[in-house]
Amino acid sequence: PIPSQVVNAKTISNEKRVMSVVQKIILQVNCKLGGELWGSNIPIPQLMCVGVDVYHDKNQKKESVVAMVASMNSTMSAYASACGFQRPGQEIIDVMKVLLGKLVAKYKEANGVAPTKILLYRDGVGDGDIGSNVLHEVDCIESLLEQTNVQAKFSFIVVQKRINMRFFNLVGNRYTNPDPGSLLDHTIMKKGFLDFILVSQFASETVVCPTHYIIVKDNTGLSLDHIQRISYKLTHQYFNWSGTVKIPAPVQYAHKLAYQVGENTNTIPDPQLMNKLFFL
């Protein structure tokens, strides 16, 4: 692969904004070449955070694309990715073992040791699929760790963006949006699973919509508070935006990769690109 960056002429046609645009393009090129713009302090050794998403063709004629993106260091600033195809319209992931196995091997190659804790954030799962479908993917992960003799504990967390739940701050007699980092994990939450809703972005004019995190499986030994803090810190690590995003960065990266492969390239990326954010 040859490093390249395409710029739409219209993007740099406004002289007043050209310096800002060019600066962002340079930062993007830096990431695509393997650079790291910033990091988060997460003092948990040998932790790997993985984002998973599936892209479906609208007409369900082309194969669905599964994308996984995983952190490769303790500051969550370096990532590796893997892609796979499966039947059109299929949401349950059949290639979980293959793709996650590649990322675990890549982590071991980068750090000299395998991860001992894995936080896997799974996007695109509705309430109706939290059952046999998700449990199948959990079983695949357990089987992979057993077959590869990787002594890692893992947490499987479903991430839901489109939800109806909201919560507010009461300031005097006025209701306002909660500050970024605010969360709720009691009273209105699910009975069958440990879950929480987290606000990670600031909204000044609209009602802010939190993100719902459902912990389907967890044997890491991390407290709920630790998982909540890590989840919030990961929303700061999306290099295409200087602020926070709605979901953890590995999930946002996986969404972008799955969309690019499914909508444009329709082919598995070259293995040499695996440890670069080439799809930004």
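So, a few notes on the structure that sits alongside this text.

Cut-off values and rules
Residues numbered from 1 in each chain as written. Predicted model: local features only at pLDDT ≥ 70, side-chain atom pairs only at ≥ 80, totals over all residues. Heavy atoms only, no water. Helix = DSSP H or I, 4+ residues; strand = E, 2+ residues; numbered from the N terminus. Rg over C-alpha atoms; globule rule 2.2 N^0.38 Å. Contact = heavy atoms within 4.5 Å. Lys, Arg positive; Asp, Glu negative; His and termini not counted. Charge placed at Lys NZ, Arg CZ, Asp CG, Glu CD. Axes fitted to C-alpha atoms, helices over the stretch in contact; angles between N-to-C directions. Parallel < 35°, antiparallel > 145°, perpendicular 65-115°, else oblique. Left-handed = near helix turned anticlockwise from the far one by under 90°. Core = buried A, V, L, I, M, F, W, Y, C linked by side-chain atoms within 4.5 Å. Buried < 20%, exposed > 50% of the residue type's maximum accessible area, 1.4 Å probe, protein only.

1. Brief notes about the overall build of the protein
The secondary structure content of the protein amounts to 5 helices and 10 strands. Relative to the 2.2 N^0.38 estimate, which gives 19 Å for 280 residues, the radius of gyration of the protein is 19 Å and therefore close to what a compact globule would have. Dimensions of the protein along its principal axes, counting C-alpha atoms only, are 55 × 50 × 45 Å. Looking at the protein alone, contacts between residues at least 24 apart form 65% of all its contacts between residues at least 6 apart. Side-chain charges of the protein comprise 28 positive and 23 negative groups, with the mean position of each set lying 5 Å from the other.

2. Structural notes on the packing of helix α2 (residues 96-111) against helix α3 (residues 132-147)
Orientation of α2 relative to α3, taken along the N-to-C sense of each, is 50°, at an axis distance of 9 Å. With respect to each other, α2 and α3 are oriented oblique. Crossing of α2 against α3: the hand is right-handed. Contact residues: α2 offers Met96, Lys97, Leu100 and Gly101, while α3 offers Glu137, Cys140, Ile141, Ser143, Leu144 and Gln147.

3. A word on the nonpolar core
Across soluble globular proteins, nonpolar side chains show a tendency to be buried alongside one another. By size, the foremost hydrophobic cluster in this structure holds 39 residues, and its most contacted members are Leu47, Tyr121, Ile230, Tyr253 and Leu257. Ranked by residue count, the leading element in this core is helix α5 (residues 249-265), at 7 residues. In this view, Ile230 contacts Ile42, Ile44, Leu47, Cys49, Leu119, Tyr121 and Leu222; residues no more than four positions away in its chain are not counted. Grouped together as the second largest cluster of nonpolar side chains are 38 residues, Met48, Val50, Ala70 and Val138 included.

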